[in-house]
Amino acid sequence: MAKQSDVLSADFLVKVAEEFGTPVYIYHAEKIKTQYEKLQKAFRKADTRFFYACKALTNINVIRYIQSLGAGLDTVSIQEVMLGLKAGFNPKDIFYTPNCVDINEIIAAKDLGVNINIDNISILEQWGNKFGDSYPICIRLNPHIMAGGNYKISTGHVDSKFGISIHQLRHIERIVKSTKLKVTGLHMHTGSEIKDVDVFLRAVDIMFEIAANFDDLEFLDLGSGFKVAYQPGDPETDIELLGEKVSEAINKFSASYKRPLQLWFEPGKFLVSQAGYFVVKANVIKQTTATVFVGVNSGFNHLIRPMFYDAFHLIRNISHPKGTERIYTVVGNICETDTFGWDRKINEVREGDFLVFYNAGAYGFEMSSNFNSRLKPAEVLIKDGKPQLIRRADVLEDLLRNQIEIAL
Ligand SMILES: *Cc1c(COP(=O)(O)O)cnc(C)c1O
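Residues numbered from 1 in each chain as written. Predicted model: local features only at pLDDT ≥ 70, side-chain atom pairs only at ≥ 80, totals over all residues. Heavy atoms only, no water.

Going by the annotation in an unreviewed UniProt entry, the name recorded for the protein is Diaminopimelate decarboxylase, with Chitinophaga costaii given as the source organism. The protein has a UniProt comment under Catalytic activity (unreviewed entry) that states "meso-2,6-diaminopimelate + H(+) = L-lysine + CO2". (UniProt positions renumbered as here; feature names shortened; annotations may be inferred.)

Okay, here's the thing in structure tokens:
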């Protein structure tokens, strides 16, 4: 049914929306594969591993599909770790990067056998005192390089809560030495979007300088931040150039280090963003004195990125793709301001038409909520041209499931 191309067609999306109802998240497996292969190709000259940052989209089928491509799993909570294990990952292929969690959660992850990344001095010291060299760890550093993107998703700045500042290197060394900690990896994740390869390379250089101070390293994890285009003409991370330069840099550093170092990355958005489509229905066309609003059967309860990050999602009318273009402001049905996009040129929208939001695979469903007691949408996976339901939409019972009715 679907074209085997990179992008699902309007006609195909309409068919899926008709079959499964709206609102609905639709994911295209083969597009995830294309993205994974792009990364593999770009970094082919270095010994590189990719761990899918599953907080972007945790549907277990998506996680399993990405595992089948050969990726590891990057997790930020013990629940994501357990999801990964349930999906069938070997603990050694799971990387766990918590921040500000209780040490007992990290110990629980250790007991499950996954790779542990420690991101603050307090835990590092407690960990060293408890476990010494019995369980190797990775250390998350903050190189204080700001790699673009929205301030809310930049983690490299001076006020960021993430990582241990590189200026605390001496303190890290004291703890490592006196507790005999075995540090097999260093990690950084500077922010969400790499627009400039040179800025990224500066952070990589800082990592090398620091790495030279450690004896037991086996890998350097450079996080993520691969930027994808959200609309035509958007700057994207030049993945080929990044792969070329970073591979060259790590191979050079590796040659001067005690042993060959593996390069690790944790892409989330890059793998799943463009594979995702969010299809909604136009409920109401509302003309005010200044604006033509399209009110859709969704809101920031389903897709919060436009409101939370000022993110741009391209919106198209897939039911009337040849209609005359008009200027619309697309809003949700939530009792809060929830504008998906101002002044968008969209083919004439009639009540009942389906609209699609592109690039909805990452941080779309995953950040959804039941605000306004609205139901979360269904998720459908397209593989080999065939749509399959991978999550049913909420029903009213889901809203009440954990509530306890008491006598009043
Ligand atoms: C969120 C996150 C990622 C993935 O970021 P993307 O921008 O989705 O690629 C990778 N590593 C860590 C530690 C993260 O918190």
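## Remarks on the side chain of Asn-59
Here Asn-59 lies in the loop between strand 2 (48-53) and helix 3 (60-68). At 3.0 Å, the side chain of Asn-59 and the side chain of Glu-379 are in polar contact. Setting aside chain neighbours within four positions, we find Asn-59 in contact with Glu-379, Ile-390 and Arg-391. (Helix = DSSP H or I, 4+ residues; strand = E, 2+ residues; numbered from the N terminus. Polar contact = N/O pair within 3.5 Å; in protein donor to acceptor, adjacent residues only side chain to side chain. Contact = heavy atoms within 4.5 Å.)

## With respect to helix 9 (residues 239-256)
The terminal C-alpha atoms of helix 9, which comprises 18 residues, lie 26 Å apart, in line with the 26 Å expected from a rise of 1.5 Å per residue. Here helix 9 has its buried residues at Ile-239, Leu-242, Gly-243, Val-246, Ser-247, Ala-249, Ile-250, Phe-253 and Ser-254. Buried residues along helix 9 sit in contact with helix 2 (29-42), helix 8 (197-211), strand 9 (219-221), strand 10 (262-265) and helix 10 (269-272). (Expected span 1.5 Å × (residues − 1). Buried < 20%, exposed > 50% of the residue type's maximum accessible area, 1.4 Å probe, protein only.)

## Points about the pairing of strand 5 (residues 115-118)
Covered by surrounding structure in strand 5 are Asn-115 and Asn-117 together with Ile-116 and Ile-118, the residues of both alternating faces. Pairing analysis gives 2 bridges linking strand 4 (residues 94-96) to strand 5, with the strands arranged parallel. Following the sheet pairing, Tyr-96 is matched in strand 5 by Ile-116. Once the chain exits strand 4 it traverses helix 5 (residues 103-112) before rejoining the sheet at strand 5, and the crossover so formed is right-handed. Alignment of strand 5 against strand 6 (residues 137-142), held across 2 bridges, turns out to be parallel. Within strand 6, the position partnered with Ile-118 by the bridge is Ile-139. Following the chain from strand 5 across helix 6 (residues 121-131) to the adjacent parallel strand 6, one finds a crossover that is right-handed. (Pairing = 2+ DSSP bridges. Right-handed = clockwise from strand over helix to strand, strands pointing away.)

## A word on the environment of Leu-57
Examined against the element boundaries, Leu-57 turns out to sit in the loop between strand 2 and helix 3. C-alpha of Leu-57 to C-alpha of Lys-180: the two residues are 123 residues apart in sequence and 37 Å apart in space. Beyond its immediate chain neighbours, meaning those up to four positions away, Leu-57 contacts Tyr-27, Tyr-52, Val-62, Ile-63, Val-272, Gly-361, Glu-366 and Glu-379.

## What to know about the UniProt feature "binding site: substrate" (unreviewed entry) in the protein
With numbering matched to this structure, UniProt assigns "binding site: substrate" (unreviewed entry) to Arg-305, Tyr-309, Glu-336 and Tyr-363. Inspection of the secondary structure puts Tyr-309 in helix 11 (residues 305-309). Residue class for Tyr-363 comes out buried when judged on its relative accessible area of 14%. Excluding residues that lie within four positions of it along the chain, Tyr-363 makes contacts with Lys-55, Ala-56, Lys-269 and Arg-305.

## Details of the domain arrangement of the protein
By domain assignment, the protein separates into domain 1 (43-268) and domain 2 (276-400). A straight line from the C-alpha centre of domain 1 to that of domain 2 covers 33 Å. In this complex, domain 1 contributes 16 residues to the contact, which on the side of domain 2 involves 16 residues. When the two sides are added together, the surface that domain 1 and domain 2 hide from each other amounts to roughly 1600 Å², 53% of it contributed by carbon and sulfur. Taken together, the connections running from domain 1 to domain 2 amount to 0 salt bridges. There are 5 residue pairs in polar contact (both at pLDDT 80 or more) connecting domain 1 and domain 2. A breakdown of the residues in the side of domain 1 that touches domain 2 according to their chemical character gives 9 nonpolar, 5 polar and 2 charged. (Domains from an automatic or database assignment. Buried area = accessible area lost by both parts, 1.4 Å probe. Salt bridge = Lys/Arg side-chain N within 4 Å of Asp/Glu carboxyl O. Nonpolar A, V, L, I, M, F, W, Y, C, P; charged D, E, K, R; others polar.)

## Remarks on helix 8
Look at helix 8: 21 Å from first C-alpha to last across 15 residues, which is about the 21 Å you get at 1.5 Å a residue. The set of residues buried in helix 8 consists of Val-197, Val-199, Phe-200, Leu-201, Ala-203, Val-204, Met-207, Phe-208, Ile-210 and Ala-211. Considering only its buried residues, helix 8 is in contact with strand 6, helix 7 (169-179), strand 8 (183-187), strand 9, helix 9 and strand 10. The backbone nitrogen of Asp-198 has a side-chain oxygen 3.0 Å away, supplied by the residue at the start of helix 8, namely Asp-196.

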